[in-house]
Amino acid sequence: MVACDLCPRCCGAHRLAGDTGYCGGALKANVFVWNLHRGEEPPVSGTRGSGTVFLSGCNLNCCYCQNYPLSQLHHGTQMSVGQLAAALVELQAKGAHNINFVTPSHQVPQLLAAVFAARQEGLHIPIVYNTSSYDEPSTLALLDGIVDIYLGDLRYTDEAVAMQLSGVADYVQVAERALIEMHRQVGDISIDEQGRYVPRGLIVRYLILPHHAGMAREVFGFVSRRLSLRTYVSVMTQYFPAYKAFDRVLGISRKLTDAECDRVMRTWSRSGLVHGWVQDMGDNGEA
């Protein structure tokens, strides 16, 4: 963090001196809110909810980000290691199945320090790393043996689209490399003899975007060929335009059509993948 290279941007910010990187992160962890969240995939939310820590800042610049007050406007509060560790222990006391760090790529050292401190105070539940997958493999290596469940996106299979919508020219190669490392560390989600999910493994998320449903073929192909046919895939259909996505030039200023969703489902059925979920938006607005 003297010349920050935590993420693939390698922006070189002197974060130990208080400088902020491309992501907006400095020395202390910037946290928007922490609470129990029941809208994640079944192995994560379980019956009591996931202890979700929403972190501020991001190393991407997605024009459609639904959490843009956190990711782009950097709303949040800087917390010391001790303060964040106390929040983790608090979530466990509330019944959380796990600690779920959302958008953690640019704050890994702070999160590791907080987890170590919380372990000394009795934290024992699993750790979830909930990421866009724009992650540096050397940073992910620091998490080997610490993270139990990876929730990793694979948003694009076209670098030009990634540049247009997320402001990064190498997302596809970086994310695929990162997902391979995540899978190497934790493997696939499994089920025990009682039919319960074992809290360890990789889940690959794919958010369908308007006019880009064709990318599903490459997404599922990558998972099946480079990871495993038993890797769980979470197909997210609840896209709605937010932040800068209303610019019609971008082509994503509307919700998905039934035809786009059906196309992805047909592609999935032919992919050979055998596990996963389809997330849909209910009347209460929760996935």
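For the structure, check the block above.
Residues numbered from 1 in each chain as written. Predicted model: local features only at pLDDT ≥ 70, side-chain atom pairs only at ≥ 80, totals over all residues. Heavy atoms only, no water.

We now examine the side chain of N30. Structurally, the position occupied by N30 is in strand β1 (residues 29-37). Sequence-distant contacts of N30, defined by excluding residues within four places in its chain, comprise L55, S56, H74, G76, T77, Q78 and Q107. (Helix = DSSP H or I, 4+ residues; strand = E, 2+ residues; numbered from the N terminus. Contact = heavy atoms within 4.5 Å.)

This part covers the environment of A213. Tracing the chain through its elements places A213 in the loop between β9 (201-207) and α8 (216-227). Taking C-alpha positions, A213 is 6.2 Å from V264, a pair spaced 51 residues apart along the chain. Not counting the four nearest positions on each side in its chain, A213 is found in contact with Y206, I208, E260, R263 and V264.

Here V128 is to be found in strand β5 (residues 127-131). Spatially, the C-alpha atom of V128 lies 15 Å from that of G95, the residues being 33 residues apart in sequence.

Turning next to the nonpolar core. If you look at the biggest cluster of nonpolar residues, it comprises 72 residues, and the most contacted ones within it are Y64, L88, Y156, Y171 and F220. No other element matches helix α7 (residues 171-186), which puts eight residues into this core. Y156 has contacts with Y64, V161, A162, L165, S166, Y171, V172, L209 and M215, leaving out every residue within four places of it along the chain. Counting eight residues, the second largest nonpolar core, distinct from the first, contains I149, L151, I189 and W277. (Core = buried A, V, L, I, M, F, W, Y, C linked by side-chain atoms within 4.5 Å. Buried < 20%, exposed > 50% of the residue type's maximum accessible area, 1.4 Å probe, protein only.)

The next subject is the sheet that holds β5. Within the open sheet, the nine strands sit side by side as β3-β1-β2-β4-β5-β6-β9-β10-β11. Their pairing is mixed. Either end of the sheet is taken by a strand with one partner, and the two such strands are β3 (77-79) and β11 (276-279). In this sheet, adjacent strand axes meet at a mean angle of 25° when their direction is disregarded. As defined by bridge partners, β9 adjoins strand β10 (residues 232-236) across five bridges and the pair is classed as parallel. Bridged to Y206 within β10 is V235. In this fold helix α3 (residues 81-93) packs onto β1, β2 (50-55), β3 and β4 (99-102), with an angle of close to 5° to the strand it touches most, β1. (Pairing = 2+ DSSP bridges. Axes fitted to C-alpha atoms, helices over the stretch in contact; angles between N-to-C directions.)

Right, let's get into the packing of α3 against helix α4 (residues 108-120). Taken N-terminus to C-terminus, the directions of α3 and α4 make an angle of 60°; their axes are 8 Å apart at the nearest point. In this view, α3 runs oblique relative to α4, as classed from their interaxial angle. As for how α3 packs across α4, the hand of that crossing is right-handed. Seen from α3, the contacting residues are V81, L84, A85, L88 and V89; seen from α4, they are L111, A113, A114, V115, A117 and A118. Classifying every residue of the contact of α3 with α4 by side-chain character gives 11 nonpolar, no polar and no charged. (Parallel < 35°, antiparallel > 145°, perpendicular 65-115°, else oblique. Left-handed = near helix turned anticlockwise from the far one by under 90°. Nonpolar A, V, L, I, M, F, W, Y, C, P; charged D, E, K, R; others polar.)

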